[in-house]
Amino acid sequence: MLKALSARCSSHVAFGAHVRRYVPVGEPASPLLRRILGQNKRSLYIIRRFCSDSNDGSDPDDASTPVKSGDDAAESKSSSAIVPTLVRPEDCLTVVALPLSHRPLFPGFYMPVYVKDPKLLAALIESRKRQAPYTGAFLLKDEEGTDGSDSEKNIYNLKGKDLFNRLHEIGTLAQITSIQGDQVVLIGHRRLRITEMVSEDPLTVKVDHLKEIPYDKDDDILKATSFEVISTLRDVLKTSPLWRDHAQTYIQHVGDFTYPRVADFGAAISGANKQQCQQVLEELDVHKRLKLTLELVKKEMEISKIQESIAKAIEEKISGEQRRYLLNEQLKAIKKELGLETDDKTALSAKFRERLDPKKEKIPAHVLQVIEEELTKLQLLEASSSEFNVTRNYLDWLTALPWGEYSDENFDVLRAQEILDEDHYGLTDVKERILEFIAVGKLRGTSQGKIVCLSGPPGVGKTSIGRSIARALNRKFYRFSVGGLSDVAEIKGHRRTYIGAMPGKMVQCLKSVGTANPLVLIDEIDKLGRGHAGDPASAMLELLDPEQNANFLDHYLDVPIDLSKVLFVCTANVVEMIPNPLLDRMEVISIAGYITDEKMHIARDYLEKATREACGIKSEQVEVTDPALLALIENYCREAGVRNLQKQIEKIYRKIALQLVRQGGNMEPLNDGTQVQLGEDKAESGSLSNEAVVGAETSEKAVEAEIVDSPANQDDTLEAEKKEASKAAKKVEKVLVDSSNLLDFVGKPVFHAERIYERTPVGVVMGLAWTAMGGSTLYIETSQVEQGEGKGTLNLTGQLGDVMKESAQIAHTVARAIMLEKDPENQFFTNTKIHLHVPAGATPKDGPSAGCTMITSLLSLAMNKPVKKDLAMTGEVTLTRKILPIGGVKEKTIAARRSQVKSIVFPAANRRDFDELAANVKEGLDVHFVDDYSQIYDLAFDD
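Caption draft 1: Expanded view of the overall build of the protein chain. For the protein chain, the helix and strand inventory stands at 34 helices and 26 strands. With 943 residues in all, the protein chain has 47% of them scored as buried. Partitioning the contacts of the protein chain with sequence separation of at least 6, the portion at a separation of at least 24 is 76%. Carbon and sulfur atoms make up 50% of the accessible area of the protein chain, which totals about 47,300 Å².

Caption draft 2: Representation of the sheet that holds strand 21 (residues 832–837) within the structure. The strand order across the open sheet formed by seven strands is 20-21-19-18-22-25-26, and the pairing between neighbours is mixed. The open sheet terminates on both sides in strands that have one partner only, identified here as strand 20 (793–797) and strand 26 (926–930). Here the average twist between neighbouring strands, direction ignored, is 30 degrees. Bridge count for strand 22 (residues 871–873) against strand 25 (residues 903–907) is three bridges, and the pairing is parallel. If you follow M873 over to strand 25, its bridge partner there is V905. Here helix 30 (residues 851–863) sits on the sheet and contacts strand 18 (764–771), strand 19 (774–787), strand 20, strand 21 and strand 22; the angle it forms with strand 19, its principal contact strand, is near 35 degrees. Relative to strand 19, helix 31 (residues 889–898) is tilted by about 70 degrees, and along the sheet it contacts strand 18, strand 19 and strand 25.

Caption draft 3: Looking closely at the nonpolar core. Counting residues in hydrophobic clusters, the biggest one holds 55 residues, and the most contacted among them are M506, I522, I525, L543, L544 and L557. V452, V569, A631 and I649 belong to the second-largest nonpolar core, a separate cluster that totals 52 residues.

Caption draft 4: Structural detail: a negative patch on the surface. Among the surface-exposed residues, D216, D218, D219 and D220 lie close enough to one another that they form a single negatively charged patch. Relative to the helices and strands, D218 is located in the loop between strand 8 (204–209) and helix 7 (220–239).

Caption draft 5: Structural context of a nonpolar patch on the surface. Among the surface-exposed residues, I306, I310, I314 and I318 lie close enough to one another that they form a single nonpolar patch of about 370 Å² accessible area. Positionally, I310 belongs in helix 11 (residues 286–338).

Caption draft 6: Spatial organisation of the side chain of T391. Position of T391 among the secondary structure elements: in helix 14 (residues 386–400). For T391, a relative accessible area of 2% translates into the label buried.

Caption draft 7: Structural view of the environment of D396. Tracing the backbone through its elements, the reader meets D396 in helix 14. The contact partners of D396, leaving out residues within four places of it in the chain, are F352, R355 and K511.

Caption draft 8: Focus on the confidence of the model for the protein chain. Model confidence for the protein chain is summarised by a mean pLDDT of 76, while 78% of its residues fall at 70 or above. Below pLDDT 50 for its whole length, residues 1–33 participates in 77 contacts with residues either more than four positions away or in separate chains. Here residues 35–82 scores under 50 on pLDDT; set against residues more than four positions off or in separate chains, the count is 121 contacts.

Caption draft 9: Here's a closer look at the sheet that holds strand 15 (residues 587–590). The parallel open sheet is built from five strands, whose spatial order is 10-11-14-9-15. Only two strands of the sheet have a single partner each, and these edge strands are strand 10 (477–481) and strand 15. Going across the sheet, the axis of each strand differs from the next one's by a mean of 20 degrees, ignoring polarity. Strand direction decides the pairing type here: strand 9 (residues 451–455) and strand 14 (residues 567–572), joined by five bridges, are parallel.

Caption draft 10: View of the packing of helix 28 (residues 802–822) against helix 30. The contact between helix 28 and helix 30 brings their axes to 8 Å, and the two run at 45 degrees. The pairing of helix 28 with helix 30 is recorded here as oblique in orientation. Seen along the crossing, helix 28 lies across helix 30 with a hand that is right-handed. Listed contacts from helix 30 to M804, S807, A808, A811, H812, V814, A815, I818 and M819 of helix 28 are G851, M854, I855, L858, L859, A862 and M863.

Caption draft 11: Inspection of the pattern of salt bridges at higher detail. Counted according to the given criterion, the structure contains 20 salt bridges. Here K206 makes a salt bridge to E196, at a shortest N to O gap of 3.9 Å. With K206 in strand 8 and E196 in strand 7 (residues 183–199), the pair connects residues that are ten residues apart, well separated along the chain. Of the residues examined, K206 reaches a relative accessible area of 37% and is grouped as partly exposed. Linking R355 and D396 is a salt bridge whose minimum nitrogen-to-oxygen distance equals 2.6 Å. Of this pair, R355 sits in helix 12 (residues 344–356) while D396 sits in helix 14; the two residues are 41 residues apart in sequence, bridging distant segments of the chain. Owing to a relative accessible area of 29%, R355 belongs among the partly exposed residues under this scheme. Assessed through its relative accessible area of 23%, D396 is described here as partly exposed.

Caption draft 12: Structural view of helix 12. Spanning 13 residues, helix 12 covers 19 Å between terminal C-alpha atoms, matching the ideal 18 Å at 1.5 Å per step. Looking only at helix 12, the buried set comprises K345, L348, S349, F352 and L356. When helix 12 is viewed along its axis, its buried side chains cluster within an angular range of 100 degrees and face the same direction. In helix 12, those exposed residues whose orientation departs by more than 90 degrees from the buried face are D344 and E354.

Caption draft 13: Spotlight on helix 19 (residues 505–513). Every buried residue of helix 19 is listed here: M506, V507, C509, L510 and V513. One face of helix 19 carries all of its buried residues, which in axial projection span an arc of 155 degrees. Of the residues one or two after helix 19, G514 is the one with positive phi, at around 80 degrees.

Caption draft 14: Geometry of the side chain of N910. Here N910 lies in the loop between strand 25 and helix 32 (911–915). By relative accessible area, N910 is classed as buried at 1%. Polar side-chain contacts of N910 include one of 3.1 Å to the side chain of D913. With sequence-adjacent residues up to four places away left out, N910 is seen in contact with P885, I886, V889 and F929.

Caption draft 15: Here's a closer look at the pairing of strand 6 (residues 170–180). A large share of strand 6 lies buried, amounting to eight of its eleven residues. Relative to strand 6, strand 5 (residues 134–139) is paired through four bridges, and the arrangement is antiparallel. Bridging across to strand 6, G136 finds its partner in L173. Looking at chain direction, strand 6 and strand 7 are connected through ten bridges and run antiparallel.

Caption draft 16: The packing of aromatic side chains, seen in detail. A full pass over the atoms with the stated rule returns seven aromatic pairs. Geometrically, the ring pair formed by Y394 and Y556 is edge-to-face, given 6.1 Å between the ring centres and 70 degrees between the ring planes. Of this pair, Y394 sits in helix 14 while Y556 is found in the loop between strand 12 (552–553) and strand 13 (560–561), placing the two residues 162 residues apart along the sequence. A ring pair is formed by F828 and F829, whose centres lie 5.5 Å apart and whose planes are at 85 degrees; its orientation type is edge-to-face. Grouping residues by exposure puts F828 and F829 together as buried. Grouping aromatic residues by their ring pairs yields a cluster made of F906, F914 and F929. The lysine or arginine in question, R496, covers the ring of Y394, its NZ or CZ lying 3.8 Å from the ring centre. The cationic tip of K511 hangs over the ring face of W397; the distance from NZ or CZ to the ring centre is 4.2 Å.

Caption draft 17: Broad picture of the environment of N741. Relative to the elements of secondary structure, N741 occurs in the loop between strand 17 (735–737) and helix 27 (742–746). With relative accessibility at 19%, the residue N741 sits in the buried group. Residues N741 and A628 lie 113 residues apart in sequence; the distance between their C-alpha atoms is 8.5 Å. One polar contact links the side chain of N741 to the main-chain amide nitrogen of D738, over a distance of 2.6 Å.

Caption draft 18: Representation of the packing of helix 12 against helix 14 in the model. Taken N-terminus to C-terminus, the directions of helix 12 and helix 14 make an angle of 15 degrees; their axes are 9 Å apart at the nearest point. Our classification of the angle between helix 12 and helix 14 gives roughly parallel. The chirality of how helix 12 crosses helix 14 is left-handed. Facing K345, L348, F352, R355 and L356 of helix 12, the residues of helix 14 in contact are F388, R392, L395, D396, T399 and A400. For the contact of helix 12 with helix 14, a count of residues per class yields six nonpolar, one polar and four charged.

Conventions we followed
Residues numbered from 1 in each chain as written. Predicted model: local features only at pLDDT ≥ 70, side-chain atom pairs only at ≥ 80, totals over all residues. Heavy atoms only, no water. Helix = DSSP H or I, 4+ residues; strand = E, 2+ residues; numbered from the N terminus. Buried < 20%, exposed > 50% of the residue type's maximum accessible area, 1.4 Å probe, protein only. Contact = heavy atoms within 4.5 Å. Areas by Shrake-Rupley, 256 points an atom, 1.4 Å probe, with all protein chains shown as cover. Pairing = 2+ DSSP bridges. Axes fitted to C-alpha atoms, helices over the stretch in contact; angles between N-to-C directions. Core = buried A, V, L, I, M, F, W, Y, C linked by side-chain atoms within 4.5 Å. Patch = residues over 30% accessible without salt bridge, like charges linked within 9 Å, V, L, I, M, F, W, Y side chains within 5 Å. Salt bridge = Lys/Arg side-chain N within 4 Å of Asp/Glu carboxyl O. Lys, Arg positive; Asp, Glu negative; His and termini not counted. Charge placed at Lys NZ, Arg CZ, Asp CG, Glu CD. pLDDT = per-residue confidence, 0-100. Parallel < 35°, antiparallel > 145°, perpendicular 65-115°, else oblique. Left-handed = near helix turned anticlockwise from the far one by under 90°. Expected span 1.5 Å × (residues − 1). Arc of directions from axis to C-beta. Polar contact = N/O pair within 3.5 Å; in protein donor to acceptor, adjacent residues only side chain to side chain. Phe/Tyr/Trp six-rings, centres within 6.5 Å; stacked < 30°, edge-to-face > 60°. Lys NZ or Arg CZ within 6 Å of the ring centre and 35° of its normal. Nonpolar A, V, L, I, M, F, W, Y, C, P; charged D, E, K, R; others polar.

Here you go:
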């Protein structure tokens, strides 16, 4: 409260204290005000010439004439102009109008004003240079319908007549004492009244100088009112040092005690609003002005009392809390002396033992021994020592771990099947493996920890499968990612001697979940880093090895922990990136990705439903057709996973949400499925016309309304129409997303047909490739550069790796040998320079599965004969023309289906992998399994 009052007074009211021309005089001529402040004849300073004219102590005989009475002369002698000027204040009949936004300026008071208008500021500077530093300070009226808070913001936009009309008629003649930048320091002299406007920019006005209405200084009512003002001020000054400082400054700078000055003083230092202060400024009747001031200072007195009561209540509360704190400390000391209360170390030991008691029988003996030793050590250490905190934290971890506490697992295979089917579509092999694990646990009566590694492209649901497994088994779930992890201490923990030492992730996991048999998902295990702090992949061996993790040793705890009941599920994009010793301890389950049919089911049953709920849209408001979803999958989301598909569906529903909100505010879908257009067919009366209602039921109601619309029932009809309009206003047209308008929601298609050629030309063969993002088709193109005797060479392009470059050399050799057998007279390879290219040269390509495709492409060019239509192949060929097995059979099969390939050539050794594929993946494909290239030759070039 004091800060607020201080800020208020310091920003609006100040005195001539900052003007430095003072002369020492005797005690002030106001003994009553001096007694208010309790001063005892001490030397004060007053301004030699105060900026006020004779009307502040007006003569009761003639207050309107410029002739000064004796009192006026005395006052004028002691308080005249602060700075000598060439123009007297009473000669200023035309002044520049300076608008004030917060409070009016009272005569005899100091006020700093910030002037943002450059023209007005220039006029004030020019006026001061002419040794006539006077301006008219007028308070700005509030705009109608506003609370005045924006007056300061709008004051700079007012010019000319607009500003003239907004100014109060009565203001103050102010002397400009200094101008620093845009800050103008003013001291008020006397009251003015605006008579007319002279110029607009800057606003210059003609003014009349005002004097108080003559009054009798000996009037008892006047004296009583002024004494009551002074008495109230005295009471305020007792409670607030802030007002005492202002009163002292005022007495120092005022010569004689006059009634008008007391009234102005009380109003100026009060916290009243600007309208009340302006009312005091405009009042020329001294008695009425004193009464107005008395009301203001009485309010200040009430505010001071409230402030004092608030401060007293807060002080009592604080002192009470301090007293209670001291008593509690004394009570602790007394109880300690009497042995009734233990110290902090004993309390800590009691807390740790309280944790141990419920599970003491389950804690291993070697761990209990360590805990007892540490508890004994804790009692011997000083609480201020660093070792005390280390021991306390160590005991906190040791006692917080769930030693021997296991969650009750659910071995219900049918329930687990339902949960897995509810969360994921397809993934039969993954679900089968989890059900096998549950079945073994049910037969044994207990489960054991396993290490399952889910490998596959991004977005196929590896992480969410881990959550579903935990839910099916009724195990606690904990996930931590090791992608980019390069510090072994993150897994094995820090030594306790280090500052800020902490246990590893596994110990943190056990403390977090509260059971010793959670499901731990280790994400991105193929992206483990290796830095100066050791090799985390090697540290993971002890964590994941079933033969070692029964006695996992964390560096921080330094006691063995049994992790044999933990089920570890790891995820990886590329299994080849996992170190072999670590991979050897895992059971890898490959998730190849989803074909179009599977994506359709996932989008319809899972993604669309979740997205609709997340966007707050009801199923009755939107319909996404199957052709639209199919076009979305084939033209925008061809990746193996469904993450991008989810993003595109979210994009569609966000645009639908915006469309629904634009149609109407409160939208409620029709329960009967009727579609209504909102807002376009409203009549001028505010009701919907009959054409706005679509549907048989609504049309019947409209017909009935027309039948009964007679003069006798006109009021009922209007009321019914209003109800119908209100009901129809809440109905929103159902949004239909079809393949025809899909472009409006997700933009232009990202993918076009992967098949560059409908029928491959000579020298071009389609191969099948595998990437971390799934399978894809890969064209091999060969072309003749030039021919000549002995110019048979091979040039390779397309960002090929070392393996594919070697495959190309082998393919060239094998193709020459085959050509020599089939057509000995054909010298194409001997005399032709050949260019072999793999498109998408900006993408690095490497791998041992393009050999047969390269040989076929070279032979097609040599024989000038295209390969069979709709044929794709994959496999590596040796110099003896044997076909080696390849990986990624499912991914390559999906890629072939996506490109609408009918015939596929696989190595014979991959027949088992193909047979394991789902029936919907193999449907409609003519697959050939070969073990020698001669079989491929017959398939590719058979007429």
